[in-house]
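Residues per chain, in single letters:
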Amino acid sequence: MTPSDAAGLKALDRDHYLHPFTDFKALGDEGSRLITAADGIYIEDDGGRRFLDAMAGLWCVNLGYGRQELVDAASRQLRQLPYYNSFFKTTNPPAAELAETLCGLAPDHINRVFFTGSGSEANDTALRMVRRYWALEGQPEKQWIISRDNAYHGSTVAGMSLGGMAPMQAQGGPCVPGITHIRQPYWFDQGRDMSPEAFGKVCADALEARIQALGPDKVAAFIAEPVQGAGGAIIPPESYWPAIKEVLSRHDILLVVDEVICGFGRLGEWFGSVHYDLAPDLMSVAKGLSSGYLPIGGVLVGDRVARTLIDDGGEFHHGFTYSGHPTCAAVALENLRLMAAEGVVEQVRRVTGPYLAKHWKALERHPLIGEARSLGLIGALEIVADKAAGTRFDKTFKAGETCREICFEFGLVMRSVGDTMIISPPLVITEAQIDELIALATAALDETARRLQARGATISATKETPT
């Protein structure tokens, strides 16, 4: 691509393309970064610069870029049956086979799938199914859905309502009624005055208190990610999920687990629900289902809910043009086949997850880092001005945003959530590539500290570069 070609494309982007989660004016003034190619765990821009993509696109390119097998699967299906809908008593081979494969990977009590085009649509669908289930069970008053502050469950109206991100809800109101939020299990930010174990139980107590306030006979479901991804890679204390499960079981409240990020190997199991020994009534999936090569999502439905919907529900007035899209399903099917054949999930659990945990944890010795946490191949770094107190920088310094841009300068893609830096690399990353990621992150942190100090920030720590 010539510089003239690149300049022309950037002008088209500026003049016509409204980007997601973007300040349109600021991007128009600054201009977009033009990504033109990718291979393995690396992406490349129009100038030929290569970046280690430690976010796997947007939490999704689990098998890495450039897998010809996935391209071939799409090509074969496009030639045979590029598209047909799943309405009007119709199916297609890839959708039927993918449904069976997904149920085989899911916990034993899950044997049905409803396909969508995205994770947002999956969570919309879960909301509809939960309320429909209780109505069919003769308890239509069970309407309330409990979620968590700072949760992300998509950006449609229902997804935004289920999520607990204030900036989204401020722009999207009025929200879907009957949804409420409780505190999140974010120990570093909200619970360091107690042990992680005690804090996990306090957060579960918040669920019990909200159920009592609403009335146990009015609460339909609790929705949560196993690990909060977009919220900042928030890994709950070990005490949290067992206590949550006990509360839900005691009050007969459904559990909806949003597996859009944690599903398909991210935590070293096929699903985050397996890692935490959950028994969800519904699981929302997307992203890694196709390694991001084509858009597809779904809801895996447990037998309890499925039986009622099937036996007593009649027509379910809900669905999408692209539910069970044959080409998307064919690519997802091949993606899951490759992951199983290559032992990708086992590699994360036994090798690369523990290897990342060891070297990522060492970044806590950096003067900017208050906590370095990881689980499987998801991780977070908490940027602080004072390591001992865990005090953040004043927001005017934009520490996280500064670090993110420096990462790009150094050839690394990390994401900032406020002053939390997060990673979610492709699951095929090697130990040598993890070493490269750690070296780039260290260099970026060093430069971030230098620039913050040049702007007048005080960093209360003596620099000690991790080995």
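Heads up: the structure comes first, above all this text.
What counts and how
Residues numbered from 1 in each chain as written. Predicted model: local features only at pLDDT ≥ 70, side-chain atom pairs only at ≥ 80, totals over all residues. Heavy atoms only, no water. Pairing = 2+ DSSP bridges. Helix = DSSP H or I, 4+ residues; strand = E, 2+ residues; numbered from the N terminus. Buried < 20%, exposed > 50% of the residue type's maximum accessible area, 1.4 Å probe, protein only. Phe/Tyr/Trp six-rings, centres within 6.5 Å; stacked < 30°, edge-to-face > 60°. Lys NZ or Arg CZ within 6 Å of the ring centre and 35° of its normal. Contact = heavy atoms within 4.5 Å. Axes fitted to C-alpha atoms, helices over the stretch in contact; angles between N-to-C directions.

> What is the right way to read the pairing of strand S2 (residues 42-45) from this model?
On a regular strand, one side chain projects to one face of the sheet and the next to the other, so that they alternate. Judged from the 4 bridges that link them, strand S1 (residues 35-39) and S2 form a sheet pairing that is antiparallel. Looking across to S2, one finds that aspartate 39 is bridged to tyrosine 42. Sheet topology note: the S2/strand S3 (residues 50-53) ladder contains 3 bridges and is antiparallel. When the sheet's bridge partners are listed, glutamate 44 is paired in S3 with arginine 50.

> Is there a simple way to think about the pairing of strand S5 (residues 144-148) in this case?
For S5, the tally of buried residues reaches 4 of 5 residues, placing the bulk of the element in the interior. Looking at chain direction, S5 and strand S7 (residues 219-224) are connected through 3 bridges and run parallel. Pairing of tryptophan 144 across the sheet is with valine 219, part of S7. Alignment of S5 against strand S6 (residues 179-182), held across 4 bridges, turns out to be parallel.

> Would you mind going over the packing of aromatic side chains with me for this structure?
Note on aromatic pairs: each is described by the distance of the centres and the angle between the planes. Applying the stated rule across the entire model yields 10 aromatic pairs. Relative to phenylalanine 397, the ring of phenylalanine 393 lies with its centre 6.4 Å away and its plane at 70°, an arrangement referred to as edge-to-face. Each of the two residues, phenylalanine 393 as well as phenylalanine 397, counts as buried. Among the aromatic residues, those joined into a ring-pair cluster are Phe222, Tyr240 and Trp241. Its guanidinium or amino end placed over the ring of tryptophan 134, lysine 142 lies 4.5 Å from that ring's centre, counting from NZ or CZ. Cation over ring: arginine 192 sits above phenylalanine 188, and NZ or CZ is 4.2 Å from the ring centre.

> Where do I start with the sheet that holds S3 in this structure?
Across a sheet, paired strands are connected by hydrogen bonds in the backbone, their directions being either parallel or antiparallel. Strand order in the open sheet formed by 4 strands is S1-S2-S3-S13, and the pairing between neighbours is mixed. Every other strand in the sheet has two partners, leaving S1 and strand S13 (412-413) as the edge strands with one partner each. Each of S2, S3 and S13 touches helix H17 (residues 431-454); the most contacted strand, S3, lies at about 105° to it.

Interpretation in functional terms is not warranted from these geometric data alone.
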